[in-house]
Amino acid sequence: MQALTCQFAFGMMGKSLLGCGDAIAKLEQREMLLEIIKNQMIEARREEIATDAKEAIAAFHRGELKSQSLENIIVELQASLTED
């Protein structure tokens with residue numbers, strides 16, 4: 001059934017049924033490339049978060065940041081999310 005669908009889909013463009021396998025392979029390669037890029041973006045974001053966390057911890061140890069209650073943190077976070 002897939003071969004018939006493929007032949008119909010590519011028949012109007014003059015491609016043979018054998019060319020359909022190439023098209024599928026190219027699509028699979030594109031999907032793999034997208035997956036690789038997505039994973040690289042996720043890893044880059046993780047590294048960015050880790051760097052930010054290390055900088056925040058260092059700033060806290062230097063006394064540049066003050067400790068706060070959870071309630072104050074939540075209030076400030078909610079306020080920052082509603083500001084636009």
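Procedures and definitions
- Residues numbered from 1 in each chain as written.
- Predicted model: local features only at pLDDT ≥ 70, side-chain atom pairs only at ≥ 80, totals over all residues.
- Heavy atoms only, no water.
- Helix = DSSP H or I, 4+ residues; strand = E, 2+ residues; numbered from the N terminus.
- Areas by Shrake-Rupley, 256 points an atom, 1.4 Å probe, with all protein chains shown as cover.
- Buried < 20%, exposed > 50% of the residue type's maximum accessible area, 1.4 Å probe, protein only.
- pLDDT = per-residue confidence, 0-100.
- Contact = heavy atoms within 4.5 Å.
- Salt bridge = Lys/Arg side-chain N within 4 Å of Asp/Glu carboxyl O.
- Patch = residues over 30% accessible without salt bridge, like charges linked within 9 Å, V, L, I, M, F, W, Y side chains within 5 Å.

Moving on: the overall build of the chain. Counting its regular elements, the chain contains 3 helices and 0 strands. Walking the chain from its N terminus toward its C terminus, one meets helices and strands in the order α-α-α. A total accessible area of about 7,700 Å² is found for the chain, and carbon and sulfur atoms account for 62% of it.

Now for the environment of R62. Turning to its location among the elements, R62 is positioned in the loop between α2 (17-61) and α3 (70-82). Residue class for R62 comes out exposed when judged on its relative accessible area of 53%.

Attention now goes to the confidence of the model for the chain. Summing up the model confidence of the chain, the mean pLDDT is 83 and the portion of residues at 70 or higher is 76%. When pLDDT is averaged over each helix and strand of the chain, the minimum, 49, is found for helix α1 (residues 2-11) and the maximum, 94, for α3. Ignoring residues within four places in sequence, the model shows residues 8-12, a span with pLDDT below 50, making 3 contacts including any to other chains.

Our focus in this paragraph is the pattern of salt bridges. Inspection of the entire model under this criterion finds 3 salt bridges. For R46, the salt bridge identified is with E43, shortest N-O distance 3.6 Å. Placement of both R46 and E43 in helix α2 is noted, with a separation of 3 residues, approximately one turn of the helix. Between R45 and E48 there is a salt bridge, with the nearest N and O atoms lying 3.2 Å from each other. In this pair, R45 and E48 both sit in helix α2, 3 residues apart, roughly one turn of the helix.

Okay, a nonpolar patch on the surface next. Taken together, the side chains of L33, I37 and M41 present a nonpolar region at the surface, about 300 Å² in accessible area. The topology assignment puts L33 in helix α2.

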